[in-house]
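Listed below are the residues making up each chain.
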Amino acid sequence: MLNIQNLTVSVDAKTILKGLTLDVPAGEVHAIMGPNGAGKSTLGYSLAGRPNYDVTGGSVTFNGEDLLEKEVHERAAAGLYLSFQYPLEIPGVPALTFLRTALNSQRKLRGEDEVTAPDFLKKVREVAKSLKIDMDMLKRPLNVGFSGGEKKRMEVLQMAMLQPKFLILDETDSGLDIDALKVVSDGVNALRAPDRGMLVITHYQRLLDHIKPDRVHVLVAGRIVKSGGPELALELEARGYDEYLGVAA
Amino acid sequence: MAAVKETIDTVARLETYEHGFVTDIETEFAPKGLNADIVRFISEKKGEPEWMLDWRLKAFERWQSMDEPTWAKVKYEPVDYQDLYYYAAPKKKEGPKSLDEIDPEILKTYEKLGIPLKEQMVLAGVEGAPKYAVDAVFDSVSVVTTFKEELKKAGVIFCSISEALREYPDLVRQYLGSVVPVSDNYFAALNSAVFSDGSFVYVPPGVRCPMELSTYFRINAENTGQFERTLIIADKGAYVSYLEGCTAPQRDENQLHAAVVELVALDDANIKYSTVQNWYPGDAEGKGGIYNFVTKRADCRGPRSKVSWTQVETGSNVTWKYPSCILRGDDSVGEFYSIAVTNGAQQADTGTKMIHLGKNTRSRIISKGVSAGKSTNTYRGLVSAHAKASGARNFTQCDSLLIGKTCAAHTVPYVESDTAKAQFEHEATTTRLSEDQLFYAMQRGLSQEEAVALLVNGFVRDVLQELPMEFAVEAQKLVAISLEGSVG
């Protein structure tokens, strides 16, 4: 599904990812863990195609297609979804308007018909209910004045509506209390499917109690330094990243 | 590669002005240039009463002694007033009596513009759908006004100002120039001398106008100035909502548009005036396009009267326009909601004046300026309170959004108060279109242009909400089109 080969990425002429190789097959959830500054968020942004994140080497294929050739919105339409660590506020644009525009833009790009207003609303109501989001909140400008937890739930609502093929969750647990964490995790888990892959980027193990990964990778100084099963996350939680910092240097 | 991209962008931009076509019809011109004889020619063509000709000639005399204003933050090639046609009319011996008598080419033009001129088309629409009465002005003359009969039943007069001068001379004489005197400013004086047509509305006491009234202005002929004159009177307790739309063909030379709009609101009357101005803006380098030098003013003459201006300004090469309210009646209310979008080499200097004369008068100004390309966008506004205007209140909010690094936004608010009992508030912000917001929207599937359009429409939403529904949708699209190619 997602195949990353020897990826190097620079931001402001500083090399952050230094030859990262990773393969996430369809149906699997992989976790990326690592200390601050290891390049975790950079990986998510690079895959999504953020401007000023310059890919200087390596390759990324997504379902066999060259992902790096595509523009940001084309990657989204191809099914790549990045859940932001800090979702942006969009003043004056009601969440419903934003979401419907996004959905229809993707469908248009894929050559599909636009979704009708009644169908869209019906689906939104269902999803919002499962995420304990009030419909009134969706009439307000997206994320403006929302709490950290509300913003994260909005990210999950968007992914549930857009039904992407591949999810990248960037520190989705940050700023969430236990109850919100459960709601958000349930929402993500509901999207687990044999034809969908996920990359869960996190600093802490606690999110992985809720979203159980198939594989765990340790990212230090721009490279994957160790990969293993879910037990690796528990090990990291107990021992920290210190032993890997030497490996990377 | 870069050069190729640039060329593509330029062509794309050129194609974005979809109203840039020219209609091929026979046009009757007055001789080029301006003198007292031309003023007489226009007046005679219109079959005007003697007093009107005198009024025009006096205005012409005043204009000759005045200087073109230079205080606005706009630069443009001087206008050669002797190199313009002051009268251009589709050739026709008599004014058309019904739609069937109008040159089909003109009707086609309005059709292209999406204007529902044909009443039957409107009537064939969904039941309960809002109806619009339309007055269409083509170059110098009004070609047709729809729904006249239905309006007449309600007692509402809606016709071209030429017709009003013939049919209701006393009403016109009473109010014309009473809000914008002939000597008010250079362009108003010029307009007073040579105005060719425009709309006239009178809503009698206690009448709520049963439908939206609208006028579409179209400059078609070359080297022609358009000088329309609009006069709207809402008598005691009356209500009217009026829409104005403007387009012009794409031409290499600049065209002058100097309109005057006067609104009179008597006791408890309410006028809502909305404009979607989409004159040709010129090309990316500033060649061609309309000089839009317009004087719009409302007189809230009676107590508790209210006037609300809403404008969406996306076109014109240069805009010089300050729709204002004189809050004369006690407890009267003035509102100004504005969206001004500039791209390419456009320059806009626009804003409002709220003159508080009466007690407990209130005004509200919401201005949203969006600048892109190499354009300049200035908000210029005055809020003043007379010594007797105790309890006057104003709230002003001016927000500017910058797209790219080569545009400019300026805010020039003037606040004057002669009473300690007035309360004026002013808020202003300037922000740059955020790369992060763009990336976020694009990550969800929007193309760059869709993302810009969505974010900008969010920025101007407070004002869009003030427009009548159908206009709001049109305006939203227009804002998006105006900004195509502004990022990247």
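The next thing to look at is the overall build of chain A. Regarding its fold elements, chain A presents 10 helices and 10 strands. At 18 Å, chain A has a C-alpha radius of gyration in line with the 18 Å of a compact globule built from 249 residues. For chain A, the C-alpha atoms occupy an extent of roughly 55 × 40 × 35 Å along the three principal directions. In chain A, which comprises 249 residues, the share counted as buried stands at 42%.

A few words now on the overall build of chain B. When you go through chain B residue by residue, the secondary structure sums to 13 helices and 23 strands. By the burial criterion, 54% of the 488 residues in chain B qualify as buried. Expressed as a percentage of contacts within chain B between residues at least 6 apart in sequence, the contacts between residues at least 24 apart total 83%.

Time to look at the interface of chain A and chain B. The partner chain B presents 17 residues to the 21 residues of chain A that form the contact. Listed by contribution, the elements that provide at least two residues to the side of chain A that touches chain B are α2 (72-77) and α3 (95-109) of chain A. At 5 residues, α3(A) tops the list of elements feeding residues into the side of chain A that touches chain B. Here the side of chain A that touches chain B is composed, by residue class, of 14 nonpolar, 6 polar and 1 charged.

Residues and elements named next belong to chain B. Tracing the chain through its elements places Gln82 in the loop between α3 (50-64) and β2 (88-90). In this structure, the C-alpha to C-alpha distance between Gln82 and Ile42, residues 40 residues apart in sequence, is 16 Å. Dropping the residues within four chain positions of it, Gln82 is found in contact with Gly33 and Leu34.

All names here are of chain A. One open sheet holds the 4 strands; their spatial order is β2-β1-β4-β5, and the pairing between them is antiparallel. Among the strands making up the open sheet, the edge pair consists of β2 (14-24) and β5 (65-66). Judged from the 2 bridges that link them, strand β4 (residues 53-62) and β5 form a sheet pairing that is antiparallel. Residue pairing across strands places Thr61 opposite Asp66, the latter belonging to β5.

All names here are of chain A. The interhelical angle for the contact between helix α6 (residues 148-162) and helix α7 (residues 178-189), taken along N-to-C directions, is 10°, at an axis separation of 10 Å. Here α7 runs roughly parallel to α6, going by the angle between their axes. Facing Gly149, Lys152, Arg153, Val156 and Ala160 of α6, the residues of α7 in contact are Ala180, Val183, Val184, Gly187 and Val188. Each residue belonging to the contact of α6 with α7 can be placed in one class, and the counts come to 6 nonpolar, 2 polar and 2 charged.

A word on the sheet that holds strand β3 (residues 29-33) of chain A. Residue and element names in this part refer to chain A. With mixed pairing, 6 strands are arranged side by side in an open sheet as β6-β7-β8-β3-β9-β10. One side of each edge strand has no neighbouring strand; the edge strands of this open sheet are β6 (80-83) and β10 (223-228). Sheet twist, expressed as the average angle between the axes of neighbouring strands with direction ignored, equals 20°. With 4 bridges connecting them, β6 and strand β7 (residues 166-170) associate as parallel partners. By the bridge assignment for β7, Leu80 is matched with Phe166.

Calculation notes
Residues numbered from 1 in each chain as written. Chains lettered and ligands numbered in written order. Predicted model: local features only at pLDDT ≥ 70, side-chain atom pairs only at ≥ 80, totals over all residues. Helix = DSSP H or I, 4+ residues; strand = E, 2+ residues; numbered from the N terminus. Rg over C-alpha atoms; globule rule 2.2 N^0.38 Å. Buried ≥ 20, exposed ≤ 12 C-beta atoms within 10 Å, placed from the backbone. Contact = placed C-beta atoms within 7 Å. Nonpolar A, V, L, I, M, F, W, Y, C, P; charged D, E, K, R; others polar. Pairing = 2+ DSSP bridges. Axes fitted to C-alpha atoms, helices over the stretch in contact; angles between N-to-C directions. Parallel < 35°, antiparallel > 145°, perpendicular 65-115°, else oblique.

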